[in-house]
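Here are the chains, one letter per residue:
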Amino acid sequence: MLDLQSIRNDFPILSRKIYDKYPLVYLDNGATTQKPLCVLDAMREEYLNVNANVHRGVHYLSQQATELHEAARERVRQFINAGSTAEIVFTRGTTESLNLVAYSFTEAYMQPGDEVIVSVMEHHSNIVPWQLQAERKGIVLKVIPMSDEGILDMDAFKALFTEKTRLVSVTNVSNVLGTVNPVKEIVRLSHANGVPCMIDGAQSAPHFKVDMQDMDCDFFAFSGHKMYGPTGIGVLYGKEKYLEKMPPYQGGGDMIGTVSFEKTTFAELPLKFEAGTPDYVATHGLATAIDYMERIGMENIESHERELTRYALEQMQTIPGMTIFGPKDATVRDAVISFLVKENGGKGDRFIHHLDMGTLLDRLGIAVRTGHHCAEPLMKRLGIQGTIRASLAMYNTKEEIDALVSGIKRIVTMF
């Protein structure tokens, strides 16, 4: 059991009143989580006392800042159980990590007609970068279908492999359906076909333990701001054997070995992929967020959020006209619930528009996300324009779920 009150005290924003009337019920954690005081304090302390550019300075402050920055890299390595800090590349977030791989892997390993396999439930960040490479280099995008319940069709996945398949890139957890994909099996099948595999971990790293040695994926991407850390910082894990052969994604300072007008050589991993001044204060903030999560315990966080998800599914299904998208089995879904509700007390033919529902929930102090959630192909597959999404975090409570359910029931009476 988590000490929820103690945890919530670490997040002052959770005690806010919305419209000076309602207590904040923050259920938009899939978009970004709130930040605990320890993260804010750590970043403020660094700006006040250790602020200097990293790697290039011989003076005291630069050396201290560099030590904090590289300690954060080691902290990330430990958190995901990577083999080496050379495999930990700091980026601005999951999106940049995926773009980096899409560009550099394509440049190093792919020719026109070569194929990348993604799934129908991908975030745009794992679709658009590959489409850009399709236009730039003529690669082909192939898509794993899913069932109506939101489970990937693994037989169809196996049939997509050809001699031209060069990479599989799929999400660990759907940001819309909450589906926890069988990534170990996806990686195993990819490797059995001689193909490396990238995993989008934006919606998994904050919620349960991820282990690169156990998962054995070749690339893994996640964001700091979705796991109680600062915005603008993320991580790309990549196996050295691939990163060594991939060209830099960007050029500039700190990623070079030597520069002349005739030829430039590049720095060793991971600096080859980290052009320019990194957000060294944010890396320290991310490391502090990881410390915070691990003090609470990833197993405890996972257990609490799974129970909260189960409770939310149970309570929401009591609402007439409720449609919840994604797996019915709570054991194969994570802390994301997307839904729509029929008009006329559940007896109508149309759903209440997701924007109307989200706007009215906001007036009750309940923060949810509405729209297509950067997953338009998935919406097309579901035959809808968008959903309301409630996404949970370790500081959420059953009382907040009750407030959401009560709010939805109140709004339904208006339609």
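Above this note sits the structure.
Every chain's residues receive numbers from 1 upward, in the order its sequence appears when written. Residue-level local features of this predicted model are given only where pLDDT is at least 70; pairs of side-chain atoms are given and counted only at 80 or more, and the full residue set underlies all totals for whole chains, interfaces and linings. Think of the side-chain values as coming from all heavy atoms in the structure, minus any hydrogens and water.

## Quick word on the sheet that holds strand S7 (residues 165-171)
Reasoning step 1: Whether two strands pair comes down to DSSP finding at least two bridges between them. Labels follow the DSSP assignment, with helices taken as runs of H or I lasting at least four residues and strands as runs of E lasting at least two, numbered in each case from the N terminus. Ordered by their spatial adjacency, 7 strands build an open sheet running S4-S10-S9-S8-S7-S5-S6, and the pairing between neighbours is mixed. Every other strand in the sheet has two partners, leaving strand S4 (88-91) and strand S6 (140-144) as the edge strands with one partner each. Mean inter-strand twist for the sheet, computed between neighbouring axes without regard to direction, equals 20°.
Reasoning step 2: Direction of pairing for strand S9 (residues 219-223) relative to strand S10 (residues 234-238): antiparallel, over a ladder of 5 bridges. Within the sheet, the bridge partner assigned to Ala221 lies in S10 and is Leu236.
Reasoning step 3: Only heavy atoms enter the contact rule, under which two residues are in contact if any of them lie within 4.5 Å. Geometry is summarised by axes, namely lines fitted to C-alpha atoms with helices restricted to the contacting stretch, and by angles between N-to-C directions that run from 0 to 180 degrees. In this fold helix H3 (residues 60-80) packs onto S4, S9 and S10, with an angle of close to 115° to the strand it touches most, S4.

## Thoughts on the sheet that holds strand S14 (residues 336-341)
Reasoning step 1: Read across the sheet, 4 strands follow the order S13-S14-S17-S16 without closing on themselves; strand pairing throughout is antiparallel. In the strand order of this sheet, the two ends are held by strand S13 (322-325) and strand S16 (369-371), each with one partner. Neighbouring strand axes in the sheet, compared pairwise and without regard to direction, differ in orientation by 30° on average.
Reasoning step 2: As defined by bridge partners, S16 adjoins strand S17 (residues 387-391) across 3 bridges and the pair is classed as antiparallel. Within the sheet, the bridge partner assigned to Arg369 lies in S17 and is Arg389.
Reasoning step 3: In this fold helix H11 (residues 298-316) packs onto S13 and S14, with an angle of close to 10° to the strand it touches most, S14.

## A closer look at unusual backbone geometry
Reasoning step 1: Going from Leu269 to Pro270, the amide bond is cis rather than trans, its omega being 0°.
Reasoning step 2: One non-glycine residue with positive phi stands out, namely Asn81, at about 55°.
Reasoning step 3: Mapping Asn81 onto the fold places it in the loop between H3 and S4.
Reasoning step 4: One non-glycine residue, His373, adopts positive backbone phi at about 60°.
Reasoning step 5: Position of His373 among the secondary structure elements: in the loop between S16 and helix H13 (376-382).

## Description of the state of the cysteines
Reasoning step 1: Working definition: a disulfide is two cysteine sulfur atoms within 2.5 Å of each other. Counted by the stated rule, this structure contains 0 disulfides.
Reasoning step 2: We note that Cys217 lacks a disulfide partner, and the nearest cysteine sulfur, in Cys197, lies 6.9 Å from it.
Reasoning step 3: Residue exposure (1.4 Å probe, protein chains only): buried if accessible area is under 20% of the type maximum, exposed if over 50%, otherwise partly exposed. The class of Cys217 is buried, set by a relative accessible area of 0%.

## A closer look at the nonpolar core
Grouped burial of nonpolar side chains is what soluble globular proteins tend to show.
Reasoning step 1: Nonpolar cores are built from buried Ala, Val, Leu, Ile, Met, Phe, Trp, Tyr and Cys residues. Side-chain atoms within 4.5 Å join them into one set. Ranked by internal contacts, the top residues of the largest apolar core, which has 106 residues, are Met316 and Ile408.
Reasoning step 2: Here this core gets 10 residues from one element, more than from any other, and that element is helix H10 (residues 280-296).
Reasoning step 3: Ignoring any residue separated from it by four or fewer positions in sequence, one finds Met316 in contact with Met322, Ile324, Ile337, Phe339, Leu404, Val405 and Ile408.
Reasoning step 4: In terms of nonpolar packing, the next biggest core, distinct from the first, is built from 22 residues, Val89, Leu100, Trp130 and Leu269 among them.

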